[in-house]
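Coordinate inspection notes
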Amino acid sequence: MQLVRFFAEKKVVVILLVLTILISGVYGAGKLDRELLPAMSFDGAQIFINAGDMSSADVEKEITIPVEERLQQMEGIKQVNSSSSIGVSSMWIQTEEGEGEEVYQEIEAEINALQNTLPQVEDINMQQYSTDQPYEFFMTVHGGSMEEMSVFADDVVKTRLEALPEVREIKLDGLEQKDIEIVLDQKKLQQEELTSAQVAETLTQSDQDVSLTAAGSDTDAIRWKNKIQTVEELEKTEIISAGGNAVSLSELGEIKEEKNNLSSPGWYNGSENFVFIQAGRAEGVTQIQMAESIRAEVEKIRADGQIEGFELNELVAQADYVTDAIDGVSLNILLGGIIAVAVLFLFLRNFRATFIIGISIPISISLTFTGMWLFDYSFNILTLIGLGLGIGMMVDSSIVILESIYRKKEQGLKKLDAVTAGVKEVASAVIASMVTTIVVFLPIGLLGGEIGTFMIVLSLVVVITLVSSVIVAFTLIPSLSKSFLKLKVNQKDLKEGMAITAYGRVIQFLAGKKLYRFSVIFMFLLLFAGSLALFPKIPSTVMPDVFNRYTEMAVPVESGTTPEQREQAAVKIHEKLSKIPDVEANLIMDDIDYFYVLVNMTKGGEITVPQEEVNEAIDKELRELAADLPIDTGGDFTGAGGQPVVVEIMGEDFGELEQIASDVEERLAAVEGITGITSSSENKLQEQLIQLNTTEMERDGVQELQLLHQMQASADKLPAGTIGEGREQTDIFVRADVENLLEQEIQTAEGLKTMSNYISLEETEVPAAIDRRDGTRMITVSAGLEGRDLGAVNRDMEELLSKYEVPAGYSIDTGGSLQEQSEAMQEMMIILGIAVFLVYAVMAVQFNSFVHPLIIMSVIPLTATGALLGLLLTQSELSVLSALGMVFLIGIVLNNAILLIDRTKQLRKEGLEPKAAIMEAGKNRIRPIFMTTLTTCGGMLPLAIAADAASNYQSPLAIVIISGLLFATFITLLMIPSLYLVMEDVKAGFQKFRRKNKKEVMKAA
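These lines cover the structure that appears in this document, whether it is placed above or below. (Residues numbered from 1 in each chain as written. Predicted model: local features only at pLDDT ≥ 70, side-chain atom pairs only at ≥ 80, totals over all residues. Heavy atoms only, no water.)

1. Describing empty space enclosed by the protein
How we decide: Points on a 1 Å grid over protein atoms alone make up a cavity when a 1.4 Å probe fits among them but cannot get out, and a pocket when they form an open set with protein on both sides within 12 Å along at least five of seven lines; lining residues each have an atom within 4 Å of a point. Grid points are joined across faces, edges and corners, and a volume is the space filled by probe spheres set on the points. Strands here mean DSSP runs of E at least two residues long; helices mean DSSP runs of H or I at least four residues long; both are numbered from the N terminus.
Throughout the structure, instances matching the rule amount to three cavities of 30 Å³ or more. Counted as a void, the largest cavity has a volume near 180 Å³. Every element with two or more residues in the lining of the largest cavity is listed here: α14 (396-410), α15 (415-441), α28 (880-909) and α29 (914-944). Counted as a void, the second largest cavity has a volume near 50 Å³. Lining the second largest cavity are Phe654, Glu658, Ser680, Ser681, Lys684, Pro767, Ala769, Ile770, Asp771, Met778 and Ile779. At the level of secondary structure, the elements contributing two or more residues to the lining of the second largest cavity comprise α21 (654-669), β27 (769-773) and β28 (776-785).

The following block contains the structure:
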């Protein structure tokens, strides 16, 4: 209390502290980065290995298995998933928790060393899972000729935007790039005794631009420059045949100019003719600052008249989502603060008291910003949600302390005495409430994966907010209350309010007979048991969608899909998407195994359909297209890819795996709400297997290697230098024109003969992709959801699959969102258990009792009734976030019970009997209990009903806390006194029994 007395008497110190907090808060807030998600890395990595045109079986055998074996020998790797398809080995690695960065470095070194032993590998791409994004602002140039748009993007956009101090780099995809392809006539080559490789080598040697001056020479520089500049020069280039004849290139085959397929990143609104612009920000610059700078420069480009014959439009600016989230939370803070102040005024009806609480809110927020700055946090969707939740609890401590001081002044105590007595009475309860709330968040770190990482950030912000508010409550509130807080009525005019009187009678009624208090306890237990039946009726998911008028999906593309089929699929997708109301534009990025579909929607006053309905319409259209196009409906609206329902079947024999997969598909078809069932085993490719005629080969002296080299030379597309210079420089490629391999001629001892004499082709069917997990082959059966939530479908699936007898050596497990949901919920239950234990331990120490914490904690399970009822009435989803709200509730709902029991203990020490003590404590604490409950609920109400970008993350948390806290208030006011009196009855009975035994023992002695 000496510290409280010090702050109450030293107004100058308090004023200086407040100014320091405000200045540091404003400065810290200005230094905080503004981004969509905080920069963080996760415990996992992905590897993509390009192996040319190897078959899926060869990729598995020659690349995937050797890499898997090397990875499985490394420490720190938890799981390895792989997929081998034509020319690509893809691997997804999960590391042990907390070892992601260290293990990734080892993986990187191991794979780089292994690359030298895999000659088939053309390229390896590795990256660790992370929220870091090199580019955060995206635009497109479209609607004109590719040549003009490419020149504009490269010369104007890239040059001018990279000159901005806020921009680190501009990346351009889709610039017009053409290749020169020389298709050689195979028969003509054989006549001249030439090969494709010889022609390519001649062209490469002809394309020379080198200095010939010897080192140290004083003569003028001499340069050999014989670079081919035009297609006409290329046609006239002479190739020397084996017989010494000079043959022009145009005589050997056809020379044609073709667009490079790799130059286009995909399709914008169904067209390949566009340039995709990506902007990355400079260090120390926020997304918002970069966006503002780019937009200003683009307006200058427009004003200069440089955009003619085409359009330059924004596609995605992450800064907008950050701005929307910041604006939304700022509004929620303002509204929450206004509601909290209004509630306070209604209870105290004192402008000065209301002002004191009102001024504590911005000071607490400033101190929170200072803490976030010191912890190197940023304004992002997670910290903003944490701030929004913290606002609801920010004034609780201040209200409890102010109300206690206010009541002491009502009782006639003077300024400093009222302050010290009021603070002393509630100090232990306020500190206990803060500590119990904080320890609730400690187990959050046990929640694994990306979700756990996100939740830690969110929880720490709430803790910072809570600690800041308690600091303000113990410093500013006593100082202002000493001289600024005044009462309008005299002590003799004060009367006990009707609510307090009525509540006193309720406690008196409960104290009258044991039956009454047992009845109250039984009633609440009955309500709790009945509420458990609500679980199946509440929709559930892993993480809710973020509704920001933008969505992205990963749509799997079947292996072996030709470029023409891919373009047809992209155009069809665009046609379907463009007909959906409120869809403004779409970009389809082609990434071999997937189409990454980005969809922009109308905003502001142009919105006619809620985003949830737009998302459902997109999903429905894609499912319909999957029946006719080589795509799967594997995208979700989180951008993570993959179906929500995935069943994984593991074993070695493909035939047995396919049979089990077929059985699983039949069972899934019987589950209501499951749609679009597909199996990875359905994707098959036709492959021609070469069979050798060894008899004919031996007779004509033809060797296997001779045949192999001949076929490879015919199939390979060989680089042969370039023509032109600068931007006009174009790559040259050479290939043989071989339409029918069997008709191709080969030189033998008997002269030229066709390949059909020595080989034949056999049609075979092979898997398009071979999936593996930890070295075992796997087939996945995937499905989507329609009309039912994930939790309900999961329960039906588990019941069906549990009855299926799996053959020995094979296993069935759920994956996808079902597995994520199950694992997340299991972890949340463990976290809840640990949180409850920690809370009990803290209160046991605080109250020096094993019984009183149990009375207080009886609120916890019964609070779930209110939370579940709130989710059911609002039809909000039970997710990781709403489960996190339950964890928050543990700390919040105990505060009121702590206030009540702590005051009861104080009165017992003053000599009051249990019944009188609990009655008086109830009268003393009913006002602060209602005030803190209503201010917390009022502060969170804007979050519960918000419709901004982060509303789907904020709303479940807020709904759980509001509904749970309101119900918990009735538990605190009715059941806690009943349970306390029952415990006292048991204690009295036990003491009576001991005294009786003692008397009997003494009598017998």
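2. Considering the pairing of β27
Here is the rule: The rule is simple: take the accessible area with a 1.4 Å probe, protein chains only, and divide by the maximum for that residue type; under 20% is buried, over 50% is exposed, in between is partly exposed. The criterion for strand pairing is that DSSP finds at least two bridges linking the strands in question.
Burial analysis of β27 places four of its five residues in the buried class, the great majority of the element. Sheet topology places strand β2 (residues 77-85) next to β27; five bridges connect them, and they run antiparallel. Bridge pairing in β27 places asparagine 81 opposite arginine 773. When β27 meets β28, the two strands line up antiparallel, connected through three bridges. When the bridges of β28 are listed, arginine 773 appears paired with threonine 776. The hairpin turn running from β27 into β28, its antiparallel successor, is two residues long, and aspartate 774 in that turn takes a positive phi close to 50°.

3. So, unusual backbone geometry
Backbone geometry at asparagine 269 places phi at a positive 50°, although glycine is not the residue there. The phi dihedral of aspartate 774 falls on the positive side, at around 50°, and the residue is not glycine. Relative to the elements of secondary structure, aspartate 774 occurs in the loop between β27 and β28.

4. A few points about a negative patch on the surface
This is how it is decided: Only residues above 30% relative accessible area that lack a salt bridge enter a patch, with like-charged residues linked at up to 9 Å and the nonpolar side chains Val, Leu, Ile, Met, Phe, Trp and Tyr linked at up to 5 Å. In these tables, accessible area is a Shrake-Rupley quantity obtained with a 1.4 Å probe, and a residue counts as shielded only by the protein chains included in the view. Salt bridge, as applied in this entry: a Lys or Arg side-chain nitrogen positioned within 4 Å of an Asp or Glu carboxyl oxygen. In summary, the charge assignment counts Lys and Arg as positive and Asp and Glu as negative, without counting His or the chain termini. Every charge is mapped onto a representative atom, which is NZ of Lys, CZ of Arg, CG of Asp or CD of Glu.
Negative charge collects at one region of the surface, where Glu75, Glu96, Glu97, Glu99, Glu102 and Glu106 lie side by side. By secondary structure assignment, the location of glutamate 106 is in helix α4 (residues 100-115).

5. Points about the sheet that holds strand β16 (residues 550-556)
Rules: Axes here refer to lines fitted to C-alpha atoms; in helices the fit is confined to the stretch in contact. Angles between the N-to-C directions go from 0 to 180 degrees. Residue contacts follow a heavy-atom distance rule, with two residues in contact if any of their heavy atoms lie within 4.5 Å.
The strand order across the open sheet built from four strands is β13-β17-β18-β16, with neighbouring strands paired in antiparallel fashion. Bordering the open sheet on either side are β13 (266-268) and β16, each of which pairs with just one other strand. Strand after strand, the sheet turns through a mean of 15° between neighbouring axes, direction not considered. Strand contacts of helix α19 (residues 563-578): β13, β17 (583-591) and β18 (594-601), with the helix running at about 160° to β17, the strand carrying the most contacts.

6. Notes on the pattern of salt bridges
Oppositely charged side chains can pair when the atoms bearing their charge come close. Here the structure, examined in full by the defined rule, presents 31 salt bridges. For glutamate 410, the salt bridge goes to arginine 927, with nearest N and O atoms at 3.4 Å. With a gap of 517 residues between them, glutamate 410 in helix α14 and arginine 927 in helix α29 connect regions that are remote in the sequence. Of the two residues, glutamate 410 and arginine 927, neither departs from the other in class, the shared state being buried.

7. With respect to the side chain of arginine 281
Note the threshold: N or O atoms within 3.5 Å of each other form a polar contact, as long as, within protein, one can give a hydrogen and the other can take it, and as long as residues adjacent in sequence are counted only when both atoms are side-chain atoms.
Counting through the fold element by element, arginine 281 comes out in strand β14 (residues 274-281). A distance of 2.8 Å separates the side chain of arginine 281 from the backbone oxygen of valine 285, its partner in a polar contact. The residues contacting arginine 281, other than those within four sequence positions of it, are Asp33, Glu35, Glu136, Glu166, Arg168, Thr286, Gln287 and Met290.

8. Section: the packing of aromatic side chains
Here is the rule: Centre distance within 6.5 Å is the pairing criterion for rings of Phe, Tyr and Trp, where only the six-membered ring of Trp is used; planes under 30 degrees apart are then read as stacked, over 60 as edge-to-face, and the remainder as tilted. We call a charge positioned over a ring when the NZ of a Lys or the CZ of an Arg lies within 6 Å of the ring centre and within 35 degrees of the ring normal.
The tally for this structure, following the rule as stated, stands at twelve aromatic pairs. An angle of 45° between the planes, with centres 4.9 Å apart, marks the rings of phenylalanine 152 and phenylalanine 310 as tilted. One end of the pair, phenylalanine 152, is in helix α5 (residues 146-162); the other, phenylalanine 310, is in the loop between α10 (287-303) and β15 (311-317), and 158 residues separate them in sequence. Between the aromatic rings of phenylalanine 375 and tyrosine 377, the centroid separation amounts to 6.2 Å while the plane-to-plane angle is 45°, which identifies the pairing as tilted. A relative accessible area of 18% places tyrosine 377 in the buried class. Above the ring of tyrosine 135, the side-chain terminus of arginine 168 is found at 5.9 Å from the ring centroid. Across from the ring centre of phenylalanine 484, 4.8 Å away, lies the NZ or CZ of arginine 352, which sits over that ring.

9. Some points on α21
Put simply, the rule is: Expected helix span is given by 1.5 Å per residue-to-residue step, counting one fewer step than there are residues.
Helix length check: α21, at 16 residues, gives a terminal C-alpha distance of 22 Å against a target of 22 Å (1.5 Å per residue), a fit within 8%. Within α21 the residues assigned to the buried category are Phe654, Leu657, Ile660, Ala661, Asp663, Val664, Glu665 and Leu668. Between the side-chain oxygen of the N-cap and the backbone nitrogen of glycine 655 there are 3.2 Å, and the N-cap of α21 in question is aspartate 653.

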